Amino acid sequence: MSRIFSGIQSTGNLHLGNYLGAVRNWVQLQHDYECLFCVVDMHAITVWQDPAALKASTREVAAAMIASGVDAKKHIIFNQSQVPAHAELAWIFNCVARLGWLNRMTQFKDKAGKNRENASVGLYAYPNLMAADILLYKATHVPVGEDQKQHLELARDIAQKFNNDYGVEDFFPLPEPMIFGTATRVMSLKDGTKKMSKSDPSDLSRITMTDDADTIAKKIRKAKTDPEPLPDNAKGLEGRPEAANLLGIYAALSDTTLDETIAKFAGEGFGTFKQHLADLAVAKLDPIQGEMRRLMADIGHVDAVLKDGAERARAMAEPIIAEIKETVGFLNV
Ligand code: AMP
Ligand code: TRP
């Protein structure tokens, strides 16, 4: 049985990279897999979150999943903190994973920055909790953006070591990353060498799922470019990260390949191209954003979806965490 697990942190500023790199792909996958989609609020607090804003972001991410077309009845949408077994398994994995493995994680280095001594212990152990999310349900496939590949490899190493150490061959499956689509790494609108992120101090660097049409158009108009016209082949994008990013976003939003998009705009200036890109972005995002607004005005419905999802997730997790505790040797009297 193939089972999918994926997650998004409730850290605010849900953006186009989250949509194109993650949520949009989930909508396709739900036809062929049994899916759990999680708002990972426990991961969110690895960096400081204002408590009221955290609740609002959790609802916003859930609303985005629903508005994008995830079927919460057929599949499961829930927030991580409502299923305590995530934390229980994460502790066990803290004792399986090796310091040396975590020391190699580039996301920790990026997020902790220069002041590593002051980063939370949770930020360091973050990948162990992520492995717990996935393996608690014995998920086999994990659709994510490019940036999560290293964490997925760590989850596989943890699964393998647990299976070996406890002599339970094949207990945990080794989860496969699914990194696909044309937008596995959407870059900042202000710097084509940096990924679009929720935490970039510049709001102009990202298109968020709550931006209105004028704001989307303005951000695209102000996006960084270079002075050259657009190239007529992919080789011509070398050394032009901003052009590559904007064309990539167009390709993803229009469901065409990068080559087709390059052919369509070959020789054009950025002015004309940006106008087309803004129109397309607004046309594609507007229906989802409208639905998100409707859902955010009906918090009771979003909360009911999360509550129902959490109940079903707990029911799936309970026998598995019980077996894990038995395997580890925890006495249950
Ligand atoms: P996060 O916002 O870090 O919780 O990420 C949630 C999901 O969005 C993960 O699958 C990420 O890989 C994906 N993601 C985040 N940023 C980007 C980006 N700039 N481009 C593509 N995918 C992204
Ligand atoms: N670490 C992921 C991110 O920031 C979010 C996440 C947490 C996740 N747990 C997960 C993704 C489990 C996939 C599977 O993007």
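Throughout, a residue's number is its position along its own chain's written sequence, starting from 1. Think of it this way: whatever chain is written first is A, whatever ligand is written first is 1, and the rest follow in order. The predicted nature of this model means local features are confined to residues of pLDDT at least 70 and side-chain atom pairs, given and counted, to a pLDDT of 80 or more, with totals for whole chains, interfaces and linings taken over all residues. Side-chain calculation: all heavy atoms of the structure are included, whereas hydrogens and water are not.

## As for the domain arrangement of the protein chain
Note the following rule: The domain boundaries here were taken from an automatic or database domain assignment. Note on contacts: a residue pair is in contact if any heavy atoms of the two residues lie within 4.5 Å. Accessible area that two parts lose when put together, with a 1.4 Å probe and added across both, is what the buried area reports. Any Lys or Arg side-chain nitrogen found within 4 Å of a carboxyl oxygen on Asp or Glu counts as a salt bridge.
Here the protein chain is described as being made up of domain 1 (3–179 + 298–328) and domain 2 (203–294). Distance from the C-alpha centre of domain 1 to the C-alpha centre of domain 2: 30 Å. The interface of domain 1 with domain 2 comprises 13 residues on the first partner and 14 residues on the second. Together, the buried faces of domain 1 and domain 2 total about 1,200 Å²; carbon and sulfur atoms form 70% of this surface. For the pair domain 1 and domain 2, the number of links is 1 salt bridge. Residues Asp255 and Arg24 are paired through a salt bridge, measuring 3.5 Å at the closest nitrogen-oxygen approach.

## A short note on the packing of helix α9 (residues 213–221) against helix α12 (residues 270–296)
Formally: Fitted lines through C-alpha atoms serve as axes, helices being fitted only where they are in contact, and the angles separating the N-to-C directions of these axes extend from 0 to 180 degrees. Helix numbering and strand numbering both begin at the N terminus, where a helix is a DSSP run of H or I of at least 4 residues and a strand a DSSP run of E of at least 2. Whether a crossing is left-handed or right-handed is set by the direction in which the near helix is turned from the far one by less than a right angle, anticlockwise for left-handed and clockwise for right-handed. Classification used: nonpolar for Ala, Val, Leu, Ile, Met, Phe, Trp, Tyr, Cys and Pro, charged for Asp, Glu, Lys and Arg, polar for all others including Gly.
Running from N to C, α9 and α12 point in directions that differ by 145°, and their axes come no closer than 9 Å. Between α9 and α12 the crossing geometry is right-handed. Along its contact with α9, which presents Ala213, Ile216, Ala217, Ile220 and Arg221, the element α12 presents Lys274, Leu277, Ala278, Ala281, Val282, Leu285 and Gln289. Grouping the amino acids of the contact of α9 with α12 by side-chain chemistry returns 9 nonpolar, 1 polar and 2 charged.

## Quick look at unusual backbone geometry
Convention followed: Relative accessibility thresholds used throughout: buried, under 20% of the residue-type maximum; exposed, over 50%; partly exposed, between the two (1.4 Å probe, protein chains only).
A positive phi angle is found at Lys138, which is not glycine, with a value near 50°. Among the secondary structure elements, Lys138 is positioned in the loop between α7 (121–135) and β4 (141–143). A relative accessible area of 26% places Lys138 in the partly exposed class. One non-glycine residue, Asp255, adopts positive backbone phi at about 55°.

## Quick look at the site of ligand 2
To keep things clear, this is the line we draw: We call a residue near a molecule or strand as soon as one heavy atom of that residue lies within 4 Å of the molecule or strand. The term polar contact refers here to a pair of N or O atoms within 3.5 Å; inside protein, the definition further demands a hydrogen-donor-capable atom paired with an acceptor-capable atom, and it admits residues adjacent in sequence only when both atoms are side-chain atoms. Surface accessibility follows the Shrake-Rupley procedure with a 1.4 Å probe radius. Residue values consider only the protein chains on display as shielding.
With respect to spatial proximity, 13 residues lie near ligand 2, and among them Gln9, Tyr126, Met130, Asp133 and Gln148 are the closest. Side-chain polar atom of Asp133 to a nitrogen atom of ligand 2: 2.7 Å apart, as the coordinates give it. Notes on ligand 2: free accessible area 370 Å², of which the protein chains cover 91%. For the shell around ligand 2, the secondary structure elements donating two or more residues are β1 (3–9) and α7. Broken down by class, the residue content of the shell around ligand 2 amounts to 7 nonpolar, 5 polar and 1 charged.

## Describing the nonpolar core
Note the threshold: Buried Ala, Val, Leu, Ile, Met, Phe, Trp, Tyr and Cys residues that are joined via side-chain atoms within 4.5 Å together make up what is termed a nonpolar core.
In this structure, Leu16, Leu20, Met65, Ile77, Ile249 and Phe273 are the most contacted members of the largest nonpolar core, which totals 59 residues. No other element matches the 10 residues that α12 contributes to this core. Among the domains, domain 1 (3–179 + 298–328) and domain 2 (203–294) are the pair contributing at least three residues each to this core. The contacts of Ile249, once residues within four sequence positions are left out, are Leu16, Leu20, Val186, Leu189 and Leu277. Residues Cys38, Trp101, Leu136 and Leu152 belong to the second largest nonpolar core, which totals 49 residues.

## Some details on the site of ligand 1
Near ligand 1, the surroundings consist of 18 residues, among which Gln9, Gly145, Asp147, Val186 and Lys198 are the closest. Taking Asn18, its side chain carries an N or O atom lying 2.9 Å from an oxygen atom of ligand 1. Asp147 places a polar side-chain atom, nitrogen or oxygen, 2.5 Å from an oxygen atom of ligand 1. Considered on its own, ligand 1 offers 480 Å² of accessible surface; in the complex 94% of this is hidden by protein. Sorting the residues of the shell around ligand 1 by element identifies β1 and α1 (16–29) as the ones contributing at least two each. The element that contributes the greatest number of residues to the shell around ligand 1 is α1, accounting for 4 residues. Residue composition of the shell around ligand 1, grouped by class: 6 nonpolar, 9 polar and 3 charged.

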